[in-house]
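Structural features, examined
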Amino acid sequence: MILDGRSADAIARAAQALAAGELVAFPTETVYGLGADAAQEEAVAKIFAAKGRPSDHPLIVHVPDAAAAPRFAANVPAVAQRLMQAFWPGPLTLILPRRGGMGQAAAGGQPTIGLRCPAHPVAHALLQACAATHPPVHGIAGPSANRFGRVSPTIAAHVASEFGEALLVLDGGACPVGIESAIVDCSRGIPVLLRPGTLTREQIEAACGARLRSPEDLPDAGPRAPGTLESHYAPRAKVRLMDGRMLQTALNVLGDEAAPIGVYARAALRSRSGQVQVRRMPDDAAETARQLFAVLREFDDRGVQLIWVETPPDTAEWEGVRDRLRRASAA
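In what follows, the accompanying structure is described. (Residues numbered from 1 in each chain as written. Predicted model: local features only at pLDDT ≥ 70, side-chain atom pairs only at ≥ 80, totals over all residues. Heavy atoms only, no water.)

**Focus: the overall build of the protein chain**
- A tally of helices and strands in the protein chain yields nine helices and 14 strands.
- For the protein chain, whose C-alpha radius of gyration is 20 Å, the value lies close to the compact-globule estimate of 20 Å for 331 residues.
- When the backbone C-alpha atoms are referred to their principal axes, the protein chain occupies close to 65 × 45 × 30 Å.
- When burial is assessed residue by residue, the protein chain has 56% of its 331 residues classed as buried.
- Restricting the contact set of the protein chain to residue pairs at least 6 apart, pairs at least 24 apart contribute 67%.
- A total accessible area of about 13,400 Å² is found for the protein chain, and carbon and sulfur atoms account for 51% of it.
- Each charge class in the protein chain was averaged separately, 34 positive and 34 negative side chains, and the resulting centres sit 2 Å apart. (Helix = DSSP H or I, 4+ residues; strand = E, 2+ residues; numbered from the N terminus. Rg over C-alpha atoms; globule rule 2.2 N^0.38 Å. Buried < 20%, exposed > 50% of the residue type's maximum accessible area, 1.4 Å probe, protein only. Contact = heavy atoms within 4.5 Å. Areas by Shrake-Rupley, 256 points an atom, 1.4 Å probe, with all protein chains shown as cover. Lys, Arg positive; Asp, Glu negative; His and termini not counted. Charge placed at Lys NZ, Arg CZ, Asp CG, Glu CD.)

**Some details on the pattern of salt bridges**
- What the rule picks out here adds up to 17 salt bridges.
- D185 is the salt-bridge partner of R188, the closest N and O atoms lying 2.7 Å from each other.
- Judged by its relative accessible area of 24%, R188 falls in the partly exposed class.
- When its relative accessible area of 0% is taken as the criterion, D185 is described as buried.
- D314 is the partner of R322 in a salt bridge, and the nearest nitrogen-oxygen pair spans 3.4 Å.
- Overall, the relative accessible area of 69% leaves D314 in the exposed class.
- One network of salt bridges, with partners in common, ties together E180, D323, R324, R326 and R327. (Salt bridge = Lys/Arg side-chain N within 4 Å of Asp/Glu carboxyl O.)

**Things to note about the packing of aromatic side chains**
- One pass over the structure, following the stated rule, counts one aromatic pair.
- Ring plane angle 20 degrees and centroid distance 5.8 Å describe the contact between Y233 and F293, whose orientation is recorded as stacked. With a gap of 60 residues between them, Y233 in the loop between α6 (201-208) and β11 (238-242) and F293 in helix α8 (residues 285-301) connect regions that are remote in the sequence.
- A cation over a ring is seen here: R266 above W318, with NZ or CZ 5.8 Å from the ring centre. (Phe/Tyr/Trp six-rings, centres within 6.5 Å; stacked < 30°, edge-to-face > 60°. Lys NZ or Arg CZ within 6 Å of the ring centre and 35° of its normal.)

**Brief notes about the packing of helix α1 (residues 8-19) against helix α4 (residues 121-131)**
- Where α1 contacts α4, the axes come no closer than 9 Å and their chain directions differ by 55 degrees. Compared by their axis directions, α1 and α4 come out oblique. Relative to α4, α1 is oriented so that their crossing is right-handed. Residues I11, A14, A15 and L18 of α1 touch α4, and the partners they reach there are V122, A125, L126, A129 and C130.
- When its residues are assigned to classes, the contact of α1 with α4 shows nine nonpolar, no polar and no charged. (Axes fitted to C-alpha atoms, helices over the stretch in contact; angles between N-to-C directions. Parallel < 35°, antiparallel > 145°, perpendicular 65-115°, else oblique. Left-handed = near helix turned anticlockwise from the far one by under 90°. Nonpolar A, V, L, I, M, F, W, Y, C, P; charged D, E, K, R; others polar.)

**Some thoughts on the sheet that holds strand β5 (residues 92-97)**
- The sheet built from ten strands is open, its strands ordered β1-β8-β2-β3-β7-β4-β6-β5-β9-β10 with mixed pairing. Strand pairing shows two members of the sheet lacking a second neighbour, β1 (2-4) and β10 (192-195), which therefore form its edges.
- Two elements, strand β3 (residues 32-37) and strand β7 (residues 140-141), share two bridges in a ladder whose sense is antiparallel. When the bridges of β7 are listed, D37 appears paired with I140.
- Sheet strands touched by α4: β2 (24-27), β4 (60-62), β7 and β8 (168-171). Its angle to β2, the strand with the most contacts, is close to 135 degrees. (Pairing = 2+ DSSP bridges.)

**Digging into the nonpolar core**
- L92, L94, L115 and I204 are the most contacted members of the largest nonpolar core, which totals 49 residues.
- Elements with a contribution of two residues or more to this core: β3, α2 (41-51), α3 (78-87), β5, β6 (112-116), α5 (156-163), β9 (182-185) and α6.
- For this core, the element with the highest residue contribution is α3, accounting for five residues.
- Those residues in contact with I204 that sit more than four places away from it in its chain are L83, F87, L92, A182, V184, L193, L199 and L212. (Core = buried A, V, L, I, M, F, W, Y, C linked by side-chain atoms within 4.5 Å.)

**Let's talk about the state of the cysteines**
- Under the criterion given, the structure shown has zero disulfides.
- Left without a disulfide partner, C175 is nearest to the cysteine sulfur of C117, which lies 16 Å away.
- Owing to a relative accessible area of 2%, C175 belongs among the buried residues under this scheme.
- Not part of a disulfide, C186 finds its nearest cysteine sulfur in C208, a span of 7.5 Å. (Disulfide = S-S within 2.5 Å.)

**Examining the packing of α8 against helix α9 (residues 319-329)**
- It is at 9 Å that the axes of α8 and α9 come closest, and there the two elements cross at 30 degrees. By the angle between their directions, the pair α8 and α9 is classed as roughly parallel. Relative to α9, α8 is oriented so that their crossing is left-handed. Where α8 abuts α9, its residues A285, T288, A289, L292 and F293 lie against V321, R324 and L325.
- Looking at side-chain class alone, the contact of α8 with α9 contains six nonpolar, one polar and one charged residues.

**Some words on unusual backbone geometry**
- That bond from W88 to P89 is cis: its omega, -10 degrees, falls within 30 degrees of zero.
- Cis geometry marks the peptide bond from H134 to P135, where omega comes out at -5 degrees.
- Position of P135 among the secondary structure elements: in the loop between α4 and β7.

And the structure:
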């Protein structure tokens, strides 16, 4: 059931459903989330069941503001406080030491928990309404609203196509960012980038006043984080990354005999086959991120067997897009 997220009645209905232990899908600026009250373990279990997600693969908990973080975090290190001040509300998740007895199921049983304050007005209104329910909902556990490992949804119709009419979905329009948040681990004394997003390393480093490490820089494994499995964000069609020249060569070799193929590229490409469907990839990284998952879903809906994508530039602003495409192509 899709409801208008601009409606106060729809927001109130969704907040009451969450307080009652039900699932609600809601928009954020990144992607749509499949939400449950983070403090109700039975409700959180419904997320894992609906998605087919392993219960030890942690979820992100959405909170209304930085002041709400201590409800779930045992402490908020200074580096995390600086990042909250710079980027909350916004597309940044912080991994923090978890407060005992709070959010254990959402954290996948780990001693850490991922927190984010979303910037989308519908998500913000929902979080505010949840705080006023009886009993109050102080945080919404919310992974992307899709089957585990598949393409994240960026419009309400994507969510409905995954879970059917029974799920309450707040419609907030198309997500303006389009890929998931960056994730920074602040639980080990130094900031570690676990998942890139649309915020660049340089932006995060400037805000936190420290060099961002990568997981491979540290000897210990560190906390598990959402969206970091080798294969993730995958459409039904097989994704392959190639440079522009290789794409044109492959299309030339196929000639008129090409099977149904979707092509997403910045380069101007030619094909003699009517089976090849070409979508122009923007030259701008942020615009590509905004439309990426919708394009992959569109190709799936058109029944292509293969999706050939031009490899994005190896520059800082494209890191989040490169990460999603690399994981999609690993499926």
